[in-house]
Amino acid sequence: MRLRWIILVAALAALTAGGSFAALKIERRNERTDLARNLTGGDPTRAPKLMITYGCAGCHEISGLAGPSGRVGPPLRSIGERIYIGGVATNTPENLVRWIANPKALNAKSAMPLTGISEAEARDVAAFLYAQQ
Ligand code: HEC
C-alpha cells in the first residue's frame, strides 16, 4: 500500500518536472522569436511559405521547416550562432537580409542564385532563420 503511494508521488513529481521543462523550452523559443523579430524587423510566421515559393527549401535543409529539404546548399540551422554568412560577410541581421535578397552582391562567385525574393520578404525569412536553433 505504502509503495503505491510512493510510486504515485514519484510519478506526479516527474510529470510536474516534465511539464515545467516543456514550459521553459517554449518560453525560450518565444524569447528567441521576439529577439529575431526585433533584430530583423521581419515576421517569421510568413517565412515558411516564402521559403517554399522561392525555392530555398529545394536547395537547403532548413531547421524548423518540414517538407522538401535540398542538399545543393549548406543546411540552414543555428544561423544565429554563425560568425560569417556565405563565408564572406559578418553575420549581422542586415548582412543576412542582403545575402538572402542578393547573394551575388556579397559574393559574385557564390553558387546561390538570385531567387527574386524582395528585401521585405528576405527580412521575414531572416527572422525565421534567427529564431531557429
Ligand atoms: C539553387 C540553389 C539555392 C537556392 C534556390 C537558394 N540557395 Fe541559399 N545557398 C545555396 C548555396 C550553393 C550556398 C552556398 C554558397 C556560398 O557559400 O557562396 C547558399 C548559401 C546560403 C546561405 C549562407 C549559408 C551559410 O552557411 O553561410 C543562406 C543564409 C542561404 N543560402 C539562404 C537561402 C534562402 C533564404 C534562400 C531562398 C530565398 C536560398 N538560400 C535559396 C544554394 C541555394
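Parameters at a glance
- Residues numbered from 1 in each chain as written.
- Predicted model: local features only at pLDDT ≥ 70, side-chain atom pairs only at ≥ 80, totals over all residues.
- Heavy atoms only, no water.
- Buried < 20%, exposed > 50% of the residue type's maximum accessible area, 1.4 Å probe, protein only.
- Helix = DSSP H or I, 4+ residues; strand = E, 2+ residues; numbered from the N terminus.
- Contact = heavy atoms within 4.5 Å.
- Axes fitted to C-alpha atoms, helices over the stretch in contact; angles between N-to-C directions.
- Left-handed = near helix turned anticlockwise from the far one by under 90°.
- Nonpolar A, V, L, I, M, F, W, Y, C, P; charged D, E, K, R; others polar.
- Core = buried A, V, L, I, M, F, W, Y, C linked by side-chain atoms within 4.5 Å.
- Donors = N, O, S within 2.8 Å, 3.2 Å for Na, K, Ca; no water.
- Tetrahedral: all angles 85-135°; square planar, octahedral: opposite > 155°, others 65-115°.
- Near = heavy atom within 4 Å.
- Polar contact = N/O pair within 3.5 Å; in protein donor to acceptor, adjacent residues only side chain to side chain.

In the annotation of an unreviewed UniProt entry, the chain is listed under the name Cytochrome c domain-containing protein and assigned to Methylobacterium oxalidis.

Chemist: Even after reading the chapter, I still don't get helix α4 (residues 93–101), so can you show me in this structure?
Modeler: In an α-helix, one turn spans 3.6 residues, which is why side chains three or four residues apart end up on the same side. Listing the buried residues of α4 in full gives Asn95, Leu96, Val97, Trp99, Ile100 and Ala101. Each element contacted by the buried residues of α4 is listed here: β1 (84–85), β2 (89–90), α5 (103–106) and α6 (119–131).

Chemist: Looking at this structure, I do not really get the packing of helix α1 (residues 2–40) against α6. What am I missing?
Modeler: How two helices sit against one another is set out by the angle between their axes and by the gap between those axes. At their nearest, the axes of α1 and α6 sit 8 Å apart, and the two run at 145 degrees to each other. α6 is crossed by α1, and the crossing has right-handed handedness. Taken together, the residues of α6 that come into contact with α1 (itself represented by Arg32, Thr33, Ala36 and Thr40) are Arg123, Ala126, Ala127, Tyr130 and Ala131. A per-class count over the contact of α1 with α6 returns five nonpolar, two polar and two charged.

Chemist: So what exactly am I meant to see when it comes to the nonpolar core here?
Modeler: Across soluble globular proteins, nonpolar side chains have a tendency to be buried as a group. In this structure, Met51, Ile62, Leu96, Ile100, Val125 and Leu129 are the most contacted members of the largest nonpolar core, which totals 24 residues. Secondary-structure elements contributing two or more residues to this core are α2 (47–53), α3 (56–59), α4 and α6. For this core, the leading source of residues is α6, giving seven residues. Apart from residues no more than four positions distant in its own chain, isoleucine 100 is found in contact with Met112, Thr115, Ile117, Ala122, Val125, Ala126 and Leu129.

Chemist: What's the story with the coordination of the iron atom of the ligand in this structure? I'm lost.
Modeler: Metal coordination angles have textbook ideals: 109.5 degrees for a tetrahedral set of four donors and 90 or 180 degrees for an octahedral set of six. For the iron atom of the ligand, every protein donor is listed as His60 (NE2) and Met112 (SD), and the spread of their distances is 2.0 to 2.2 Å. Around the iron atom of the ligand, the six donor atoms sit at angles spanning 83 to 179 degrees, and that spread fits a shape best called octahedral. Residue histidine 60 is found in the loop between α3 and β1, and its partner methionine 112 is found in the loop between α5 and α6; the two are separated by 52 residues along the sequence. A residue is classified by how much of its surface remains accessible, and histidine 60, at 10% relative accessible area, is buried. Among the residues examined, methionine 112 registers a relative accessible area of 22% and is labelled partly exposed.

Chemist: Where do I start with the environment of alanine 101 in this structure?
Modeler: Looking at the secondary structure, you find alanine 101 in helix α4. Residue class for alanine 101 comes out buried when judged on its relative accessible area of 19%. Spatially, the C-alpha atoms of alanine 101 and alanine 122 are 5.7 Å apart, while their sequence positions differ by 21 residues.

Chemist: How should I be thinking about unusual backbone geometry in this particular structure?
Modeler: Negative phi values dominate among residues other than glycine, just as trans dominates among peptide bonds. A positive phi is found at serine 78, a non-glycine position, where the angle reads about 50 degrees. Secondary-structure assignment places serine 78 in the loop between α3 and β1. With a relative accessible area of 23%, serine 78 lands in the partly exposed category.

Chemist: What's the story with the site of the ligand in this structure? I'm lost.
Modeler: Surveying the vicinity of the ligand reveals 22 residues, the closest of which are Cys56, Cys59, His60, Arg82 and Met112. Arginine 82 is positioned with one of its side-chain polar atoms (N or O) 2.5 Å from an oxygen atom of the ligand. With respect to the ligand, the side chain of serine 110 contributes an N or O atom lying 2.8 Å from an oxygen atom. Broken down by secondary-structure element, the contributors of at least two residues to the shell around the ligand are α3, β1 and α4. By residue number, the principal contributor to the shell around the ligand is α4, which donates three residues. Looking at the shell around the ligand residue by residue, the class counts come to 14 nonpolar, seven polar and one charged.

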